[in-house]
Amino acid sequence: MQVKLTKCEQLLRAIAPSGNLFLLLTLQELRRQGLTFIAFYVLQRTIEYSGTSASALRQETGLADYEISRACKFLVGSGLAVMTRDEKDKRVRLLRPTRLGIKIHDQVVSAAAKKLQKGFSI
């Protein structure tokens, strides 16, 4: 079964405001922390599913290999995540968050929550 393009457009129009709001709320803090939106997404997924593989992230996002790879390398190089080998399949490399990565993630989310709270109180 193929979904019609108009239905896809309707869905995108319906969910776009929430995604844009999230981006707007986090963008300033992401810049302050030196993170790209893709790197933050990878960090967020790594925290949510400790042991996330780069290939799973590529499949999930549909982004080019180099984009996810660059975000993973940035997180590892910044000390926000570590790369380990999977116990079952040594070819698979897993990304796990560090304490610093969790702390930075929480700071970004907290800053966004404060902006949202401020917007509601007006």
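Shown above is the structure to which this text applies.
Residues numbered from 1 in each chain as written. Predicted model: local features only at pLDDT ≥ 70, side-chain atom pairs only at ≥ 80, totals over all residues. Heavy atoms only, no water.

*Asks:* Residue-level account of the packing of helix 3 (residues 54-61) against helix 4 (residues 65-77), with values.
*Replies:* With their axes 9 Å apart at the nearest point, helix 3 and helix 4 run at an angle of 130° to one another. By the criterion of interaxial angle, the relationship of helix 3 to helix 4 is oblique. As helix 3 runs across helix 4, the sense of the crossing is right-handed. Across the interface between the two elements, Ala54, Leu57, Arg58 and Thr61 of helix 3 pack against Asp65, Ile68, Ser69 and Cys72 of helix 4. For the contact of helix 3 with helix 4, a count of residues per class yields four nonpolar, two polar and two charged. (Axes fitted to C-alpha atoms, helices over the stretch in contact; angles between N-to-C directions. Helix = DSSP H or I, 4+ residues; strand = E, 2+ residues; numbered from the N terminus. Parallel < 35°, antiparallel > 145°, perpendicular 65-115°, else oblique. Left-handed = near helix turned anticlockwise from the far one by under 90°. Contact = heavy atoms within 4.5 Å. Nonpolar A, V, L, I, M, F, W, Y, C, P; charged D, E, K, R; others polar.)

*Asks:* With reference to specific residues and values, describe the nonpolar core.
*Replies:* Generally speaking, soluble globular proteins have nonpolar side chains that are buried together. Counting 17 residues, the largest nonpolar core has Leu35, Val42, Ile68, Cys72, Leu75, Leu80 and Leu95 as its most contacted members. Those elements that place two or more of their residues in this core are helix 2 (37-48), helix 3, helix 4 and helix 5 (99-120). Apart from residues lying up to four places away in sequence, valine 42 is in contact with Leu57, Ile68, Ala71, Cys72, Leu75 and Leu95. (Core = buried A, V, L, I, M, F, W, Y, C linked by side-chain atoms within 4.5 Å. Buried < 20%, exposed > 50% of the residue type's maximum accessible area, 1.4 Å probe, protein only.)

*Asks:* Account for a nonpolar patch on the surface, with residues named and values stated.
*Replies:* Among the surface-exposed residues, Phe22, Leu23 and Phe37 lie close enough to one another that they form a single nonpolar patch of about 220 Å² accessible area. Tracing the chain through its elements places phenylalanine 37 in helix 2. The class of phenylalanine 37 is partly exposed, set by a relative accessible area of 36%. (Patch = residues over 30% accessible without salt bridge, like charges linked within 9 Å, V, L, I, M, F, W, Y side chains within 5 Å. Areas by Shrake-Rupley, 256 points an atom, 1.4 Å probe, with all protein chains shown as cover. Salt bridge = Lys/Arg side-chain N within 4 Å of Asp/Glu carboxyl O.)

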